[in-house]
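A structural walkthrough
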Amino acid sequence: MTQKKAVRTWLILTTVFFCIAGLLSLVPVMMSPMIFDAPGSERNPAAIVLFVCIISFPVICIVSIPLSWVCYKRERFRAARLVSLAPLVNFAVGAFAAFVASSLQ
């Protein structure tokens, strides 16, 4: 399999996965203001980072999909793979912030 076909297959898989993940993340986005229900939580940096990660996840999914295909069209295959994984960075930062926020209590 050539590199172009391998990257195209990768982008098809990540496109489907992150489209579904972006749609499913709309429920947590609606519930995310509840992060600040506890007194003093609006001053907790981990809670703020977690909130930003939850809110921005669908946006990053929406932006990374067409951007990765633009990179593919310009034959920048490595950049296409990296851009397609941008939502995972957001997810990892959010998971770390959730861990920190839960361990501080």
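Look above for the structure.
Residues numbered from 1 in each chain as written. Predicted model: local features only at pLDDT ≥ 70, side-chain atom pairs only at ≥ 80, totals over all residues. Heavy atoms only, no water.

**Some remarks on the nonpolar core**
- Core analysis: the largest hydrophobic core is formed by six residues, namely Val7, Leu11, Cys71, Tyr72, Phe77 and Ala80.
- If we ignore the near neighbours within four places in the chain, the residues touching Phe77 are Gln3, Lys4, Val7 and Tyr72.
- Judged by nonpolar contacts, the second largest core, of five residues, contains Phe18, Phe57, Cys61 and Ile65. (Core = buried A, V, L, I, M, F, W, Y, C linked by side-chain atoms within 4.5 Å. Buried < 20%, exposed > 50% of the residue type's maximum accessible area, 1.4 Å probe, protein only. Contact = heavy atoms within 4.5 Å.)

**Comments concerning the packing of aromatic side chains**
- Per the counting criterion, the structure on display carries four aromatic pairs.
- Where Phe36 meets Phe51, the ring centres are 5.1 Å apart and the plane angle is 65°; that geometry is what we call edge-to-face. Of this pair, Phe36 sits in the loop between helix 2 (26-31) and helix 3 (45-73) while Phe51 sits in helix 3, placing them 15 residues apart in sequence.
- Judged by centre distance (5.8 Å) and plane angle (50°), the rings of Tyr72 and Phe77 are tilted.
- The class for Tyr72 is buried, based on a relative accessible area of 10%.
- A relative accessible area of 12% places Phe77 in the buried class.
- Site record: aromatic cluster; members linked through ring pairs are Trp69, Tyr72 and Phe77. (Phe/Tyr/Trp six-rings, centres within 6.5 Å; stacked < 30°, edge-to-face > 60°. Helix = DSSP H or I, 4+ residues; strand = E, 2+ residues; numbered from the N terminus.)

**Let's talk about helix 3**
- Taking 1.5 Å as the rise per residue, helix 3 with 29 residues should run 42 Å; its terminal C-alpha atoms sit 39 Å apart, in good agreement.
- Its axis deflected by about 40° at Ser56, helix 3 carries its strongest bend there, up to four residues before the proline Pro58.
- The residue sitting at the N-terminus of helix 3 and contributing the capping side-chain oxygen is Asn44; that oxygen lies 3.1 Å from the backbone nitrogen of Ala46.
- Among the residues trailing helix 3, Glu75 stands out with phi positive, at a value near 60°. (Expected span 1.5 Å × (residues − 1). Bend = angle between axes of the 7 residues up to and from the residue. Polar contact = N/O pair within 3.5 Å; in protein donor to acceptor, adjacent residues only side chain to side chain.)

**A closer look at the pattern of salt bridges**
- Counted according to the given criterion, the structure contains two salt bridges.
- Between Glu42 and Arg43 there is a salt bridge, and its shortest N-O distance comes to 3.9 Å.
- Classification of Arg43 by relative accessible area gives exposed; the value is 64%. (Salt bridge = Lys/Arg side-chain N within 4 Å of Asp/Glu carboxyl O.)

**A few points about the environment of Phe17**
- Along the chain, Phe17 falls in helix 1 (residues 3-24).
- Along the chain, Phe17 and Cys61 lie 44 residues apart, while their C-alpha atoms are 9.6 Å from each other.

**Some details on the layout of surface pockets**
- Reported here for the largest pocket is a volume of approximately 250 Å³.
- Taken together, 14 residues make up the lining of the largest pocket; nearest its centre are Cys53, Ile54, Phe57, Asn90 and Phe91.
- Put simply, the parts of the chain that give the lining of the largest pocket at least two residues each are helix 1, helix 3 and helix 5 (86-103).
- The greatest single-element share of the lining of the largest pocket, amounting to five residues, is contributed by helix 5. (1 Å grid on protein atoms, 1.4 Å probe; cavity = no way out; pocket = protein on both sides within 12 Å on 5 of 7 lines; lining within 4 Å. Points joined across faces, edges and corners; volume = space filled by probe spheres on them.)

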